[in-house]
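Residue strings, one per chain:
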Amino acid sequence: MSRNGIRDQVAIVGMGCTPFGERWDKGVNDLLVDAAKDTIASAGVTLDDIDAFWLGTMTSGTSGVTLSKPLKIDYKPVTRVENFCATGSEAFRNACYAVASGAYDLVMAIGVEKLKDTGYSGLTGIRPVGDGTDAALSSPAAFSFLAPAYAHRYGVDPEEMKQVMSRIAWKNHRNGAVNPRAQFRKEVAMETITRSPKVAGDLGVFDCSGVSDGSAAAIICRAEDAHRYTDHPLYVKALSFVAGPASGAGDPDYDYTTFPEVVRSAEDAYRQAGITDPRSQLAMAEVHDCFTPTELVLMEDFGFSERGLAWKDVLAGAFDRDGDLPVNPDGGLKSFGHPIGASGLRMLFECWLQLRGEAPPERQITTVGPGRSLGLTHNLGGAPGECVSFVAIVGPERSA
Amino acid sequence: MSTGILTWGVYLPYWRLQRSAIGATLGGPSGRGTRSVASYDEDTTTMGVEAARRALAALDGPLPDELVFSTPAPAYLDKTNATAVHAAVGLPEWAGAYDLLGSVRSASAALRVAEVQARTDGRRTLAVVADLRTGLAGGPEERDSGDGAAAFVFGPSDGAAPVAAELVAHAAASSEFLDRWRTPGETDSKVWEERFGQEVYVPLVEEATAGALKRAGLVATDIDHLAVAGLHVRAVQAAGKSLGVRPEAAVADRNAVVGNLGAAQAGLLLADTLEQAGPGELIALVVVADGADVFLVRTTDALPSLREARAAKGLATVADLAVAGRDDLPYARFLTWRDELRREPPRRPDPERPGAPATWRVTPWKSAFTASDCRVCGFRHLPPSRVCLRCRTIDEMDPVRMADAVGQVATFTVDHLAYSPSPPVVGAVVDFDGGGRYRCEMTDVDPERLGIGTRVEMAFRILSTAHGVNNYFWKARPVGTPAGGAGDDGGDEA
């Protein structure tokens, strides 16, 4: 199989992101208009300048009309995409390919989700008519299998495991606390996290990402055109996406300590971007921390930590905002919130701010420098053993 | 060639309600002992499936090709309930499956029809009787009843399966009078003053018993075991004493521990007696309901060896089952399960109703838990798959029934968020002995005693009910429940 990638062929030249959270005052249309308005301003263009649109949303609308109607788009292609929690990233990926193909000069990828209008506090889904045999487990329950499996395999004491999980939530809340767009903008004490009411397995309320509303968008053009729009574009180094055979639930060899889909997509993305030592070559990573054990396992699947040792790196603060490799410096799904279709683009927005030096000083990461300027974003959708995984790598410098 | 009972199976639910819990909650006198309680995910159909599975587990040779299911508490009207049992135990498509519903007495008809069918047509016929009894809070019905099911296979004796007991004679007496009645849709029965029923029933029982004995050319003192079933307590007691049967022949009921199983009571008593009687002994099964039915049954010389074979297969006896339940069910939870207490529902969307065509397409999987084995590499797929997960070969699969497989918990979780009529949901990943992994819900489980490695078996249950549709599927439960014996098998690595 040939996976050539489109390294340095396209660039992001404008981005926008609404505040995430319980946006009772904003509908889907408002969120889309807010994100689009900020994004075109960021790129210095008008909606008329954009040739085609990709809209990512899982539950907040179907078809391109969901976007063309509120933005009053004049008879242009609008593609609505959905790919579980990787929906926003999938909109971005397809928009990039459209530009790389030469079909369009300037495109927008925009993601939106309005989760808080359902009347339920957790995530609710829309399913096709089924045969009724799917176990009715919630998402936290499906992901809660990771924690005991990891602790069992690597001999981590259950109480220590809980500390590791809480440390991840603590870090992401600390990062979100200084981010004005984040859903939860308060630091939370370790003890509060550890003692929070159980949702599923060992997962407490504070081990789960925020259910929220929000929208984010990017404008993409060919790399050689980028400086027409901005002095500081962000070049796309790698895009990888895999859907697995969903075998985990039926494969006795799967042990719930890894996401094979993530391992494959990471390998693919690293190859496209020429990365051999991600922990030292990446300046930051925005990963899919839907639940705290997910982030723990991802540190190993991405090669940021050796197998069985991520828990020690977490406790040592390696992935803190001022650590070796900042992970989720914007607060992550945990505290920035997770409006599904918008999350992938929100992660890119953090790369947009941090890698270009536009993050406010109080939360600017310090790892960015000569020879180390790449950011990674990652979404996974589904559940352990049955998921899709997306990885992007972006950077402010275009290779020669 | 003799014809009769080839095998039997009894199902009693995991849960017991202490009668004292009722008095403790409502005030008033406290009863003694316990009653059996079907869990929130059980009904007469699922209990009937479990009884039938236990009967068939002890049966060698071909599966029955006719099924009669009887209950006064059917899960559905119009739609046949027996077809769910038929599908779950994997009877052949050509086997007839029929309901005999409504009255308590219809269970007698199920036993009679199956016996006659087996004798006249020479076909193996499965009779399943089940009951789920609720009553109003604080009433004798609630306190003294129980839930459960029993199943019998009638058929001609053959090399593979000798007859355990033969019917010697049957006689009935019928009478139209008002003893007990319930209008459709109600869960509580009304009864007339008990002394009236006793007055009417006793002569009817005497008449039917005399008729049966006469047909058999026997006298009352020939009866070695007298089992009297009926919801009318006084009539049952009085009839037992008025028949001239030797006092030591009286079969003790299990009412103190499991309650009176209503329509399933006769099945329970018959199975219980078959598990204790010697060869060549005469059992009189008397059913008191709107008249009387008397079945005179003689055990055969094969009975002891059949019982040994059952024990060797690990089939629990009625005596074992009766004392094995978990008896700390809170009364409030019992009321909730029976819709007698209006509770705040979980703040989650209601479950969806499963689609009829989607369900029908996967009947072997959904109803009988039939997986698929790859013919090329042997990998086992749950649910069945057309493409092999291991070797990717397409459409080279053999079906394999996994409903009777056992396995162990690979990992598990307690889900406080998922919708359930009785939260939390316990989910587990099960690795089956001989291959295959499946993630499913667990039932009849104490999460505190659940661990990686806990041995589990499959149980036919209701996953959810939506728009009047019972979504029947399989859950895992610790092996040995209701004995609660899972502690010996696992829990060490949690």
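What you see as residue numbers is a count from 1 along each chain, following the sequence as written. To label them, take the chains in the order written and letter them from A, then take the ligands in the order written and number them from 1. Selection of residues for local features in this predicted model requires a pLDDT of at least 70, selection of side-chain atom pairs for listing and counting requires 80 or more, and totals for whole chains, interfaces and linings are taken over all residues.

(A) Structural view of the overall build of chain B. What counts as a helix is a DSSP run of H or I of at least four residues, what counts as a strand is a run of E of at least two, and both are numbered from the N terminus. Within chain B, the regular secondary structure consists of 14 helices and 21 strands. We take the radius of gyration over the C-alpha atoms and set the globule estimate at 2.2 Å times the residue count to the 0.38 power. For 494 residues, the compact-globule formula gives about 23 Å, and the C-alpha radius of gyration of chain B, at 23 Å, lands near that figure. Viewed in the frame of its principal axes, chain B has a C-alpha envelope of about 70 × 60 × 45 Å. With C-beta atoms placed from the backbone, a residue is labelled by how many other C-beta atoms lie within 10 Å of its own: buried for 20 or more, exposed for 12 or fewer, partly exposed between the two. By residue count, 52% of the 494 residues in chain B fall in the buried class. What counts as a contact here is a pair of residues whose C-beta atoms, placed from the backbone, lie within 7 Å. Sequence-distant contacts, at least 24 apart, represent 72% of the contacts inside chain B between residues at least 6 apart.

(B) Main features of the overall build of chain A. What chain A contains, in helices and strands, is 13 helices and eleven strands. Taken over the C-alpha trace, chain A has a radius of gyration of 20 Å; the compact-globule value for 400 residues is 21 Å, and the two agree within 12%. Viewed in the frame of its principal axes, chain A has a C-alpha envelope of about 55 × 50 × 45 Å. Relative to its full complement of 400 residues, chain A shows a buried share of 61%. At a minimum sequence separation of 6, the contacts of chain A that also span at least 24 residues come to 79%.

(C) A look at the domain arrangement of chain B. All names here are of chain B. Domain start and end points were adopted from an automatic or database domain assignment. Taken as a whole, chain B is organised into domain 1 (3-336) and domain 2 (346-488). Each partner contributes to the interface: domain 1 provides 19 residues, whereas domain 2 provides 18 residues. Among the secondary structure elements, those contributing two or more residues to the side of domain 1 that touches domain 2 are α2 (44-57) and α3 (82-88).

(D) Structural view of the interface of chain A and chain B. Opposite the 32 residues of chain A that make contact, chain B presents 39 residues. Every element with two or more residues in the side of chain A that touches chain B is listed here: α4 (139-144), α5 (146-154) and β5 (198-200) of chain A. Taken together, the residues that form the side of chain A that touches chain B break down as 16 nonpolar, twelve polar and four charged. Each residue is assigned to one class: nonpolar for Ala, Val, Leu, Ile, Met, Phe, Trp, Tyr, Cys and Pro, charged for Asp, Glu, Lys and Arg, and polar for all the others, Gly among them.

(E) How the structure looks around the packing of helix α3 (residues 87-100) of chain A against helix α13 (residues 340-355) of chain A. All names here are of chain A. Angles run from 0 to 180 degrees between N-to-C directions of axes, and those axes are lines fitted to C-alpha atoms, restricted for helices to the stretch in contact. The N-to-C vectors of α3 and α13 enclose an angle of 60°; their axes lie 5 Å apart at closest approach. Classified by the interaxial angle, the pair formed by α3 and α13 is oblique. Contacts from T87, G88, S89 and F92 of α3 reach α13 at I340, G341, A342, S343, G344, L345 and L348. Here the residues of the contact of α3 with α13 sort into five nonpolar, six polar and no charged. Throughout, the term roughly parallel applies to angles under 35 degrees, roughly antiparallel to angles over 145, roughly perpendicular to angles from 65 to 115, and oblique to all others.

(F) Fine view of the pairing of strand β7 (residues 148-156) of chain B. All names here are of chain B. For β7, the buried fraction is high: eight of the nine residues fall into the buried class. Note on pairing: DSSP must find at least two bridges between two strands before they are called paired. As paired strands, strand β1 (residues 3-11) and β7 are joined by eight bridges and run antiparallel to one another. Residue pairing across strands places V10 opposite A150, the latter belonging to β7. Of the pairings in the sheet, the one linking strand β6 (residues 125-131) to β7 comprises seven bridges and is antiparallel in character. Bridge pairing in β7 links D131 to G148.

(G) Structural view of the domain arrangement of chain A. Residue and element names in this part refer to chain A. Looking at chain A, the domain boundaries give domain 1 (10-121 + 213-228) and domain 2 (139-209 + 236-395). For domain 1 and domain 2, the distance between their C-alpha centroids amounts to 24 Å. For the side of domain 1 that touches domain 2, the leading source of residues is α3, giving seven residues. Looking at the side of domain 1 that touches domain 2 residue by residue, the classes come out as 19 nonpolar, eleven polar and four charged.

(H) Up close: the packing of α5 of chain A against helix α10 (residues 292-301) of chain A. Residue and element names in this part refer to chain A. Contact pair α5 / α10: the axes reach a minimum separation of 9 Å and the direction vectors enclose 45°. One finds that α5 runs oblique with respect to α10. Residues L146, A147 and Y150 of α5 form the contact with α10, whose own contacting residues are P293, T294, L296 and V297. Each residue belonging to the contact of α5 with α10 can be placed in one class, and the counts come to six nonpolar, one polar and no charged.

(I) Molecular detail of the sheet that holds strand β7 (residues 213-222) of chain A. Residues and elements named next belong to chain A. Strand order in the open sheet formed by nine strands is β3-β2-β4-β7-β1-β8-β11-β10-β9, with mixed pairing between adjacent strands. Only two strands of the sheet have a single partner each, and these edge strands are β3 (78-81) and β9 (282-286). Here the strands of the sheet are splayed against their neighbours by 25° on average, with no regard to which way each runs. Of the strand pairs in this sheet, β9 and strand β10 (residues 374-383) are connected by four bridges, and their pairing is parallel. Counterpart to L282 in the pairing with β10 is L374. Running over the sheet, helix α1 (residues 28-43) touches β1 (10-17), β4 (106-114) and β7 and is turned about 35° from β7. Packing of helix α8 (residues 260-273) onto the sheet brings it into contact with β8 (234-243), β10 and β11 (386-395), and relative to β8 it is tilted by some 150°.

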